[in-house]
Amino acid sequence: MEKMLTPLLADKELFSLMALIRGARRIVVCGHRSPDGDALGSALGWADYLRSLGKRADVVMPNAFPDFLRWLPGAAQVIFYDRQRATADRLLAEADLICCLDFNDPKRLQDMGMAVASARGRRVMIDHHPGPQTESFDFCVSRPRMCSTCEIVFRLIHQLGGYEELSTRAAVALYTGMMTDTGGFTYNSNAPEIYVIVSLLLAKGLDKDKIYRNVFNNYSEHRLRFQGYVLYEKLQFLAYGHAAYFTLTRQEMKRFHFIRGDSEGWVNMPLQVRGMKLSISLREDTEKDVIRVSLRSVDDFPCNKMAEEFFNGGGHLNAAGGELPFPMEDAVATVERAVKAYTWMLLPKPV
Ligand code: 5GP
Ligand code: MN
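Along each chain, residues carry numbers from 1 onward, in the same order as the chain's sequence is written. Each chain gets a letter, beginning with A, and each ligand a number, beginning with 1, in the order they are written. Local features are withheld for residues below a pLDDT of 70 in this predicted model, meaning they are given only at 70 or higher, and side-chain atom pairs are given and counted only at 80 or more; totals for whole chains, interfaces and linings count all residues. Just so you know, side-chain values use all the structure's heavy atoms and leave hydrogens and water out.

K.L.:
How should I be thinking about the sheet that holds strand 11 (residues 314–315) in this particular structure?
P.N.:
Within a beta sheet, neighbouring strands are joined by backbone hydrogen bonds and run either parallel or antiparallel to one another. The strand order 7-8-9-10-12-11 describes an open sheet built from six strands, whose pairing is mixed. Each edge of the open sheet carries a strand with a single partner, namely strand 7 (236–238) and strand 11. When DSSP finds two or more bridges between a pair of strands, those strands are recorded as paired. Where helices and strands are cited, they refer to DSSP runs of H or I of at least four residues and of E of at least two residues respectively, numbered from the N terminus. Relative to strand 8 (residues 243–248), strand 7 runs antiparallel, the two sharing three bridges. Note on strand 8: the bridge partner recorded for Gln236 is Tyr245. Contacts are residue-level and defined by heavy atoms, with any inter-residue pair within 4.5 Å sufficient. Lines fitted to the C-alpha atoms define the axes, with helices restricted to the stretch that makes contact. Angles between their N-to-C directions range from 0 to 180 degrees. Sheet strands touched by helix 9 (residues 221–234): strand 7 and strand 8. Its angle to strand 8, the strand with the most contacts, is close to 125°. Contacts between helix 11 (residues 303–310) and the sheet are confined to strand 9 (278–284), strand 10 (290–297), strand 11 and strand 12 (319–325), with strand 12 contributing the most and set at about 15° to the helix.

Right, here's the structure in full:
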């Protein structure tokens, strides 16, 4: 089974990475702002592996992760830059090596970016987003075709000879990121080797059905009712039913006792409608005066292009995000303009 995995790195690259790890005693592992299951899972899994090599490895995130990831083994030890600035700054300054996971541009660290950029340690990037800013790092593992950073981290550990020793905790973290970044293996998940990896992870004794429930069936009653309200009252259709958007305001979030992570994945819901090609969500940020934008598409509709052009962001072909300045009315007007500009790509192609 293990032989069915194609090696990720050429020998030369593998030796460079080994040398970087071997030369480091203190390591910081970090992920992007508003870490998702893949950012957190890959960081926890990678840090666990590094500790098994006798390293000191701390996971530092720019800010909090969604509540539904709190059960992950090791999540309670994560340090947050926005709340524990002094500790985080010290760890980053003292680190011999900083591993940046699930992002490829220091901008996605926001406030933490400066501390990482000015640290004396070497910087390694491990990521699956397109368009890496390689000049910001000493060593890059960029694999945009991989389903998740967790998949890359698993392959690295495997190639570095760490699979036998891999702990169940690390396997749980890595499985979780692969599962969340593929929507429970429902998109971006057709590569056969993904299931070789899943099989190797299952052999570590994890309960994948429980992981699914922990992530996807672990919400409050308020959240379910909020979802119903959004679908019934808030969903707007554009481009003759080939695009949809909805807005979430702070007032509504308060009404439905919103906690971080409650609206995760909602942007996918409109894609359940036949013929829908593009879905956009606009959410008032709870910390800053900005509107967070998420885009999802099917087939060849380029969410990332639209996000770059209209929403100060970017991302993948079928999943992208960005940010717009307050207020919501202006953000809605921007969505309408964006959809209008792309209508020709949303309508069915003549046969
Ligand atoms: P989400 O909608 O889950 O926040 O983001 C989906 C994807 O869009 C992310 O995996 C990431 O690739 C990209 N993304 C989200 N927000 C931003 C942003 O502000 N800037 C850039 N460049 N990409 C983003
Ligand atoms: Mn990811």
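K.L.:
I tried to follow the side chain of Glu151 on my own but got confused; where do I start?
P.N.:
Relative to the helices and strands, Glu151 is located in helix 5 (residues 149–159). The class for Glu151 is buried, based on a relative accessible area of 2%. Beyond its immediate chain neighbours, meaning those up to four positions away, Glu151 contacts Met146, Met178, Ile194 and Ile197. Each residue's exposure class comes from its accessible area (1.4 Å probe, protein chains only) as a fraction of the maximum for that residue type: buried when under 20%, exposed when over 50%, partly exposed otherwise.

K.L.:
So what exactly am I meant to see when it comes to the site of ligand 1 here?
P.N.:
Residues are labelled near a given molecule or strand when at least one of their non-hydrogen atoms is within 4 Å of it. As a structural note, the neighbourhood of ligand 1 is formed by 13 residues, with His129, Arg292, Ser294, Arg296 and Gly314 the closest of them. Contact between ligand 1 and His129: an oxygen atom at 3.1 Å from a side-chain N or O atom of the residue. In the model, a nitrogen atom of ligand 1 is placed 3.1 Å from a nitrogen or oxygen of the Gly314 main chain. The leading source of residues in the shell around ligand 1 is strand 12, at four residues. Charged means Asp, Glu, Lys or Arg here, nonpolar means Ala, Val, Leu, Ile, Met, Phe, Trp, Tyr, Cys or Pro, and polar covers whatever is left, Gly included. Considered class by class, the residues forming the shell around ligand 1 number two nonpolar, eight polar and three charged. Any pair of N or O atoms that falls within 3.5 Å is considered a polar contact. Within protein, one atom must be able to donate a hydrogen and the other to accept it, and sequence-neighbouring residues count only if both atoms are side-chain atoms.

K.L.:
Got a minute to help me understand the coordination of the manganese ion (ligand 2) in this structure?
P.N.:
When a metal holds four donors in a tetrahedron, each ideal angle between them is 109.5 degrees; when it holds six in an octahedron, the ideal angles are 90 or 180 degrees. A donor here means an N, O or S atom no more than 2.8 Å from the metal, or no more than 3.2 Å when the metal is Na, K or Ca. Since water is not included, a site may seem to lack partners. Around the manganese ion (ligand 2), the protein contributes the donor atoms Asp38 (OD), Asp102 (OD), His128 (NE2) and Asp181 (OD), at 2.2 to 2.4 Å from the metal centre. Mapping the donors of the manganese ion (ligand 2) onto the primary sequence yields the spacing D-x63-D-x25-H-x52-D. With a gap of 90 residues between them, Asp38 in helix 2 (residues 37–52) and His128 in the loop between strand 5 (122–127) and strand 6 (139–142) connect regions that are remote in the sequence. For Asp38, a relative accessible area of 0% puts it in the buried group. We classify His128 as buried; its relative accessible area is 2%.

K.L.:
I'm lost on the pairing of strand 2 (residues 56–61) in this one. Help?
P.N.:
Consecutive residues of a regular strand have side chains that alternate between opposite faces of the sheet. Of all six residues making up strand 2, five are buried, and the element is well covered by its neighbours. Across five bridges, the pairing between strand 1 (residues 26–31) and strand 2 is parallel. Across the sheet, Val29 pairs through a bridge with Val59, a residue of strand 2. One crossover worth recording links strand 1 to the parallel strand 2 by way of helix 2, and it is right-handed. As paired elements, strand 2 and strand 3 (residues 79–80) share two bridges and run parallel to each other. Bridging across to strand 3, Met61 finds its partner in Phe80. The handedness rule is simple: strands pointing away from the viewer, and a clockwise path from the first strand over the helix to the second, make the crossover right-handed.

K.L.:
So what exactly am I meant to see when it comes to the packing of helix 6 (residues 168–181) against helix 7 (residues 192–202) here?
P.N.:
Packed helix pairs are characterised by how far apart their axes lie and by the angle those axes make with each other. One can describe the packing of helix 6 onto helix 7 by two numbers: an axis separation of 10 Å at closest approach and a directional angle of 150°. Classified by the angle between their axes, helix 6 and helix 7 sit roughly antiparallel to one another. Of the two elements, helix 6 crosses helix 7, and the hand of that crossing is left-handed. Of the residues in helix 7, those in contact with Ala171, Leu174, Tyr175 and Met178 of helix 6 are Ile194, Ile197, Val198 and Leu201. The residue inventory of the contact of helix 6 with helix 7, partitioned by class, reads eight nonpolar, no polar and no charged. An angle below 35 degrees is read as roughly parallel, one above 145 as roughly antiparallel, one from 65 to 115 as roughly perpendicular, and any other as oblique. Note on convention: the crossing is left-handed when the near helix lies turned anticlockwise from the far helix by less than a right angle, right-handed when the turn is clockwise.

K.L.:
Explain the domain arrangement of the protein here, please?
P.N.:
Interface size is commonly expressed as the accessible surface area that is lost when the partners come together. Bear in mind that the domain bounds are from an automatic or database domain assignment. Each domain of the protein was delimited in the assignment, giving domain 1 (2–216) and domain 2 (221–346). For domain 1 versus domain 2, the separation of C-alpha centres amounts to 27 Å. Between domain 1 and domain 2, the contact holds 13 residues from the first and eleven residues from the second. Buried area: the accessible surface (1.4 Å probe) lost by two parts on joining, summed over both. Contact between domain 1 and domain 2 buries roughly 910 Å² in total, counting both sides, with carbon and sulfur atoms accounting for 47%. Among the residues domain 1 hides against domain 2, the three largest losses belong to Arg33, Asp67 and Phe68. Together they make up 37% of the total. Within this document, salt bridges are pairs made up of a side-chain nitrogen of Lys or Arg and a carboxyl oxygen of Asp or Glu, the two lying within 4 Å of each other. Taken together, the links from domain 1 to domain 2 amount to one salt bridge. As a salt-bridge pair, Arg33 and Glu287 come within 3.1 Å of each other at their nearest N and O atoms.

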